[in-house]
2 protein chains.
Amino acid sequence: MNNRSPSTTTTASRDRILDAALDEFFTSGFHGSTMRTIGNRAGCSAANVYNHFENKSDLLVEILRTASDEQFTATRNAIRRAGKDPAAQWRAAVGAHALFAAQRPRECLVANTELRYLGEIDRKRVVGSRDAQEDQFIAIAEAAVDLGIFHVDRVHQAVTAVLLMCAGIPVWFRADGPRSAEQIAADYAGYALNLVGYRPTP
Amino acid sequence: MNNRSPSTTTTASRDRILDAALDEFFTSGFHGSTMRTIGNRAGCSAANVYNHFENKSDLLVEILRTASDEQFTATRNAIRRAGKDPAAQWRAAVGAHALFAAQRPRECLVANTELRYLGEIDRKRVVGSRDAQEDQFIAIAEAAVDLGIFHVDRVHQAVTAVLLMCAGIPVWFRADGPRSAEQIAADYAGYALNLVGYRPTP
């Protein structure tokens, strides 16, 4: 007898489909995936996949938006914990952002590689969340430039460079490699402090 | 009357197919492309595409290897022109590497996003050339660390961060934007000098 409530079953089924779709997009690319191959991975029919999601783009949007929101939240919480010093905030923000990239490689690689295949409207549904992430970094860096502790022109462009550097982590990082995700994140936070010409006030 | 020699015609036809394949991989992804859709773009039949290339992987390998070789050569020439100072070499190398990324977005984006779909042997045919690029940067940075003008641990990891930052340029750079490819390349060279903790000898 199945004693789970219908809504629990539905949520579990939806989550299983999302995880299968992420695997499928990661392995075969957006264009190489179909609702049927996603269903196969999730152990259900294409019809069942359609019960939860209108189409493949809908699945990709949901995956990328959830990942982006989680990365945003992790970064925002790290900034809050870092206190008021913009250099400490910057280190914490890049560290949290980089840690997410190292720990969630499938989401980050699929975001890097498959986002451009979404149509204009669907892309906007994802990009808004990414812009919000960028804005957090810009606010910190601008405050630090105003205080004279960061020395960089064109803050937005420098932030983009830092975020793309972090987005590249899953291309090479292996969880079973010699250094941990936390160590990599700390190293990248150091690179990012250097990149913006950080010099503590004398 | 066609007065081109057969070999000129063959080369032109081969180049047209390569360019069409690059467009097709860029637009539809490796998995979303077929020899037929590539032929359509090139204005020829799939059979004609097969006359020049064994399969889709063969086309992707040829595109990525050629681009990687050109980027390697541009970087190596820039290093040679920079003279003996490792900081000047580093600035020149990153500048040339970044400039290629800004000027050849299709090749760089397809390399970033589609390389992982190649089989093991085909991937090795491409990756060797990329490793050679990395080695150029590592040699310069190690010399600079030895001279005490770069201050960075784990040189290889820092080089990877710099190259991934450059690889991200085509994600956002637009040729009709406010800043030129040359300006972006110079900015990124500056970021990369900062990143490795460059301090001129006193």
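Per an unreviewed UniProt entry, the recorded name for chain A is TetR family transcriptional regulator, and the organism is Gordonia lacunae.

For this particular structure, what's the right way to read the overall build of chain A?
Tallying secondary structure elements over chain A gives ten helices and zero strands in all. Dimensions of chain A along its principal axes, counting C-alpha atoms only, are 70 × 35 × 30 Å. Taken over 202 residues, chain A has a buried fraction of 50%. Long-range pairs, those at least 24 residues apart, make up 68% of the contacts in chain A with a sequence separation of at least 6.

Is there a simple way to think about the pattern of salt bridges in this case?
Any two side chains of opposite charge can pair if their charged atoms end up close together. Applying the stated criterion across every chain yields a total of 24 salt bridges over all chains. Ionic contacts of the salt-bridge type, sharing partners, join the residues Asp19, Asp23 and Arg106 of chain A into one network.

I would appreciate a short explanation of the UniProt feature "domain: HTH tetR-type" (unreviewed entry) in chain A in the present structure.
When the UniProt feature table is mapped onto this chain numbering, "domain: HTH tetR-type" (unreviewed entry) sits at residues 11-71 of chain A. End C-alpha atoms of residues 11-71 of chain A are separated by 22 Å, and the span's content is 80% helix alongside 0% strand.

Is there a simple way to explain the packing of aromatic side chains in this structure?
We describe a pair of aromatic rings using the distance from one ring centre to the other and the angle between the two ring planes. As enumerated under the stated definition, the model contains 14 aromatic pairs over all chains in all. Plain terms: the ring middles of Trp172 of chain B and Phe173 of chain B are 6.1 Å apart, the flat faces sit at 90 degrees to each other, and that makes the pair edge-to-face. Residue Trp172 of chain B is classed as partly exposed on the basis of its relative accessible area, which comes to 26%. Here a set of aromatic residues connected by ring pairs shows up, and it is made of Trp90, Phe137, Phe150 and Tyr198 of chain A.

In this structure, what is going on with the layout of surface pockets? I would like to understand it.
To find leftover empty space, a probe the size of one water molecule is rolled over the atoms. Taken as a whole, the second largest pocket spans an internal volume of roughly 430 Å³. Together, 18 residues line the second largest pocket, and His151, Asn194, Leu195 and Gly197 of chain A together with Asn194 of chain B are the ones closest to its centre. Those elements that place two or more of their residues in the lining of the second largest pocket are α10 (181-195) of chain A together with α10 (181-195) of chain B. In terms of residue count, the dominant contributor to the lining of the second largest pocket is α10 of chain B (four residues).

Rules of the game
- Chains are numbered independently. Their residues run from 1 in the order of the written sequence.
- Going through the entries in the order they are written, you letter the chains from A and number the ligands from 1.
- Where local features are concerned, this predicted model is filtered to residues with pLDDT of at least 70; where side-chain atom pairs are given and counted, the filter is 80 or more; whole-chain, interface and lining totals use all residues.
- Remark: hydrogens and water are excluded; side-chain values derive from all non-hydrogen atoms of the structure.
- Working definition: helices are DSSP H or I runs of at least four residues, strands are E runs of at least two. Numbering for both runs from the N terminus.
- Here's how the labels work: a residue is buried when its accessible area is under 20% of the maximum for its type, exposed when over 50%, partly exposed in between, all with a 1.4 Å probe on protein chains only.
- Two residues qualify as a contact provided that any one of their heavy atoms is within 4.5 Å of a heavy atom in the partner residue.
- Should a side-chain nitrogen of Lys or Arg be within 4 Å of a carboxyl oxygen of Asp or Glu, the pair is scored as a salt bridge.
- UniProt positions are given in the numbering used here, feature names are shortened, and annotations may be inferred rather than shown by experiment.
- The criterion for an aromatic pair is that two Phe, Tyr or Trp rings (for Trp, the six-membered ring) have centres within 6.5 Å, with stacked assigned to planes under 30 degrees apart, edge-to-face to planes over 60 apart and tilted to the rest.
- Of the grid points, spaced at 1 Å and generated over the protein atoms alone, those admitting a 1.4 Å probe that cannot get out make up cavities, while open sets with protein on both sides within 12 Å along at least five of seven lines make up pockets; any residue with an atom within 4 Å of a point is treated as lining.
- Grid points are joined across faces, edges and corners, and a volume is the space filled by probe spheres set on the points.

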